[in-house]
Structure formats: C-alpha cells, structure tokens
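Spelled out, the chains give:
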Amino acid sequence: MGSIGVFDSGYGGLTILKEIIRALPQYNYIYLGDNARTPYGSRSFEAVYHYTGEAVRKLFDMGAQLVILACNTASAKALRSIQQIDLPVLAPERRVLGVIRPSVEALADYSKNGHVGILATRGTVASASYPLEIEKLYGKGRFRITQLACPMWVPLVENNELEGAGAEYFVRKYLQELFAIDPEIDTIILACTHYPLLRRLIEKEVARHVKIVGQGHIVADSLKDYLRRHPEMDLRLAKEGKVSYYTTDKAELFEQIAGIFMEQKIKCEYVQICP
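Computed from a prediction, not measured in an experiment: that's the story for all the values here.

**Q** Just to check I follow, could you spell out the environment of Cys150 for this structure?
**A** With respect to the helices and strands, Cys150 occurs in the loop between β6 (144-149) and α8 (153-158). Cys150 gets classed as buried once you look at its relative accessible area, which sits at 1%. Sequence-wise, Cys150 and Gly53 are 97 residues apart; in three dimensions their C-alpha atoms are separated by 26 Å.

**Q** I would appreciate a short explanation of helix α11 (residues 216-229) in the present structure.
**A** Because each turn of an α-helix spans 3.6 residues, side chains separated by three or four positions in sequence point in the same direction. Its 14 residues place the ends of α11 20 Å apart at the C-alpha level, agreeing with the 20 Å of an ideal helix rising 1.5 Å per residue. What α11 keeps buried is the set Gly216, Ile218, Val219, Ala220, Leu223, Tyr226 and Leu227.

**Q** What is the right way to look at the UniProt feature "binding site: substrate" (unreviewed entry) in the protein in this model?
**A** The feature "binding site: substrate" (unreviewed entry), as given by UniProt, occupies Asp8, Ser9, Tyr40, Gly41, Asn72, Thr73, Thr193 and His194 in the numbering adopted here. A stretch of 187 residues holds the annotated residues, and the largest C-alpha distance among them is 12.8 Å, short enough that they meet in one place. Restricting the annotated residues just mentioned to those that line the largest cavity leaves Thr193. By the secondary structure assignment, Gly41 is in the loop between β2 (29-33) and α2 (45-61). With sequence-adjacent residues up to four places away left out, Gly41 is seen in contact with Thr73, Lys77, Thr121, Arg122 and Gly123. Relative to the assigned elements, Thr193 resides in the loop between β7 (187-190) and α10 (199-205). When neighbours within four sequence positions are excluded, Thr193 is seen to be in contact with Asp8, Gly12, Gly13, Thr15, Ile16, Ala70, Asn72 and Gln215. A distance of 3.2 Å separates a polar atom in the side chain of Thr193 from the backbone oxygen of Gly12.

**Q** Hey, could you run me through the packing of aromatic side chains in this one?
**A** Geometry of an aromatic ring pair is reported as the spacing of the ring centres plus the angle between the planes. Inspection of every chain in the model, using the stated rule, returns 10 aromatic pairs. Consider the rings of Tyr31 and Tyr245, whose centres lie 6.4 Å apart with planes at 50 degrees: the pair is tilted. Separated by 214 residues along the polypeptide, Tyr31 in strand β2 and Tyr245 in strand β9 (residues 243-247) bring together distant segments of the chain. Judged by its relative accessible area of 0%, Tyr31 is buried. Take Tyr245: its relative accessible area is 6%, and that puts it in the buried class. By way of ring pairs, the aromatic residues Tyr11, Tyr31, Tyr245, Phe254 and Phe261 are connected into one cluster. Here the guanidinium or amino end of Arg37 rests over the ring plane of Tyr51, the centre of that ring lying 3.9 Å away. Note that Lys77 overlies the ring of Phe45, its terminal NZ or CZ placed 5.0 Å from the centroid.

**Q** Explanation requested: the packing of helix α1 (residues 13-23) against α11 in the structure shown.
**A** To describe two helices that pack against each other, one gives the angle between their axes and the distance between the axes. Put simply, α1 and α11 touch, their axes get as near as 8 Å, and they point 50 degrees apart. One finds that α1 runs oblique with respect to α11. When you trace α1 past α11, the crossing you get is right-handed. Between α1, through Thr15, Ile16, Glu19, Ile20 and Ala23, and α11, the contact on the second element is made entirely by Gly216, His217, Val219, Ala220, Leu223 and Lys224. Among the residues forming the contact of α1 with α11, the class breakdown is six nonpolar, three polar and two charged.

**Q** What's the story with empty space enclosed by the protein in this structure? I'm lost.
**A** Where empty space is left can be seen by rolling a probe of water-molecule size over the atoms. Evaluated as defined, the whole model comprises one cavity of 30 Å³ or more. Looking at the largest cavity, its volume works out to about 30 Å³. Residue lining of the largest cavity: Thr15, Ile16, Leu190, Cys192, Thr193, Pro196, Gln215 and Gly216, and that is the complete set.

**Q** So what exactly am I meant to see when it comes to the nonpolar core here?
**A** For soluble globular proteins, nonpolar side chains are generally found buried alongside one another. Of all hydrophobic cores here, the largest spans 57 residues; its most connected members are Leu14, Leu119, Trp153, Ile188, Leu227, Tyr245 and Phe254. In contact with Leu227, other than residues within four places in its own chain, are Ile4, Leu24, Tyr27, Leu66, Met233, Asp234 and Leu237. Membership of the second largest hydrophobic core comes to 25 residues, among which are Phe60, Leu79, Ala91 and Ile273.

**Q** Would you take a moment to explain the sheet that holds strand β1 (residues 3-8) for this structure?
**A** Strand pairs in the sheet, formed through backbone hydrogen bonds, run parallel or antiparallel to each other. Reading across the sheet, the six strands line up as β4-β3-β1-β2-β9-β10 and stay open at both edges, with parallel pairing between neighbours. In the strand order of this sheet, the two ends are held by β4 (95-97) and β10 (268-270), each with one partner. Across the sheet, the axes of successive neighbouring strands diverge by a mean angle of 25 degrees, strand direction being ignored.

**Q** Please clarify how the side chain of Thr15 should be interpreted in this entry.
**A** By secondary structure assignment, the location of Thr15 is in helix α1. Engagement of the side chain of Thr15 in a polar contact is seen with the backbone oxygen of Gly12, the distance being 2.8 Å. Leave out the neighbours within four places in its chain, and Thr15 touches Thr193, Pro196, Leu197, Gly216 and Phe261.

Here is what the cut-offs are and how they apply
- Residues numbered from 1 in each chain as written.
- Predicted model: local features only at pLDDT ≥ 70, side-chain atom pairs only at ≥ 80, totals over all residues.
- Heavy atoms only, no water.
- Helix = DSSP H or I, 4+ residues; strand = E, 2+ residues; numbered from the N terminus.
- Buried < 20%, exposed > 50% of the residue type's maximum accessible area, 1.4 Å probe, protein only.
- Expected span 1.5 Å × (residues − 1).
- UniProt positions renumbered as here; feature names shortened; annotations may be inferred.
- 1 Å grid on protein atoms, 1.4 Å probe; cavity = no way out; pocket = protein on both sides within 12 Å on 5 of 7 lines; lining within 4 Å.
- Contact = heavy atoms within 4.5 Å.
- Polar contact = N/O pair within 3.5 Å; in protein donor to acceptor, adjacent residues only side chain to side chain.
- Phe/Tyr/Trp six-rings, centres within 6.5 Å; stacked < 30°, edge-to-face > 60°.
- Lys NZ or Arg CZ within 6 Å of the ring centre and 35° of its normal.
- Axes fitted to C-alpha atoms, helices over the stretch in contact; angles between N-to-C directions.
- Parallel < 35°, antiparallel > 145°, perpendicular 65-115°, else oblique.
- Left-handed = near helix turned anticlockwise from the far one by under 90°.
- Nonpolar A, V, L, I, M, F, W, Y, C, P; charged D, E, K, R; others polar.
- Points joined across faces, edges and corners; volume = space filled by probe spheres on them.
- Core = buried A, V, L, I, M, F, W, Y, C linked by side-chain atoms within 4.5 Å.
- Pairing = 2+ DSSP bridges.

Below you can see the structure in the form of structure tokens.
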C-alpha cells in the first residue's frame, strides 16, 4: 500500500498539506520540501522541470502512488511535461496533480463581476498559467485577470515576520499596486502557498466585499473528489493516518519553520534527491 506525496520547493506546500489532512485524515502522507534549492519562483522553466521531476521520482521511490505538486511554480512550469512526457514511461499507473486547475475551477464560485487578481511568485506570473487555464476553462472574456508578483512575501513568511510594520508595508504595497491596475477586482487568488499566512494583513488592506481565496481547502476538496472518482487509486493507498516529513536541507531548521505552518511540532528527516 502506498502514500499520497505532497511536494513543494520549500515550506509553502504545508498550507496545502494541512488542509488535505484536515479533509482526509485517514491516508498516509509523505511531504517533501526541496529547501536546498528553494526558491523555485525565479528559476527557469528547465530548472524547475528538472528539479520537480527529481522530487517526483524520489517520492515514487518512497512509495507515493499519487503526488500533489503543492507549489504553484512547479505546477505552472513542470506539471504538464511530467504528466505527458515522464509518467507514461516512468510510472503509467501513478498520478501527479497540481494546484492551478482546482483553483481555476473554483473561481466561478467566488467572483461576481469577473475582475480577478492573481498574487503569485515571479515564475508563476511569467508562466501565464493562470490566465491560460482560465481562458481554456471559461473562454475568452469571461474574466479580467490582473497578475502581480509579490517577491517580498515569501521571505516575510519564512522568517516568521507575519506582524509588524515591515509586513504591513509590503502587504499594503503590493495590494495598492494591484488595485491601481484594476480597482474593480472583487476576488484575489493567493497563488503562492506561502501567502495564506499573511491573510490577516491582506484582509485588513482590502474592502470587505473582496474575496481572498486560499488554495488549501480547494485542493483538499479536489483531491477528495478525485479519489471518489478513481476508486482504483484509493485502493492502492494506505489508511493509517501517518504523516512523514522530508527536506533536502537541514532537518532541524525545517522542523522549526514547519511548526509555524502546521501549528504543531513535527519531526523531519533529511533526504537527498539529486545525484
């Protein structure tokens, strides 16, 4: 019996894992953070594809039958190539899923006027994955999409600077830039898994009618639906409620920062995924 693998370039995917465990606590999970090579957001498509492919293969070796790329950059730059090129050769019976498609599918439930803001890393913005996926699903013209990279938000989260003048300044700065482009935005997708930890500050800076959409519960609901529709995969997954954490960098540091995301103490092991 196998596990559900959850991969991120660092810590942000823990916000996805937390919601998945809350929705589906019975399964076994393996979380892998490639902290030694983070951040992915500023790296090339080729590098992200290469690194993500190595991580997926490692998770497969560790027993994962299904892998969630809980990283918007990896989902944007590597998912399609892994699904179409690698999986048919590497492990045709296993699956790799991302976070962008579920987020886009949920969009119609949130926006009333069709004006949507996407806050993400530079890599996700440059990939144009959200606008392309939105157009593919809803057609051209249904939504007006405004993308903005927020490069200072990840360092704030990973340094536990979630309060105070510095965090407030950079949250306000990017939101002012976003609404200067389109003042009619009524829905904001937090298209980086770190950003939900800044949600309280974000909500303070926007009007009450603006919906802030985190991805954790959306991805969790999507996974639950996927397993319901694919009982053959569900049968291959162990249901012992175990969660294992691995990092490509210092385990002690990972445990310290991951505790901020998971709101509990966790035990982590170092693992090498590259030759």
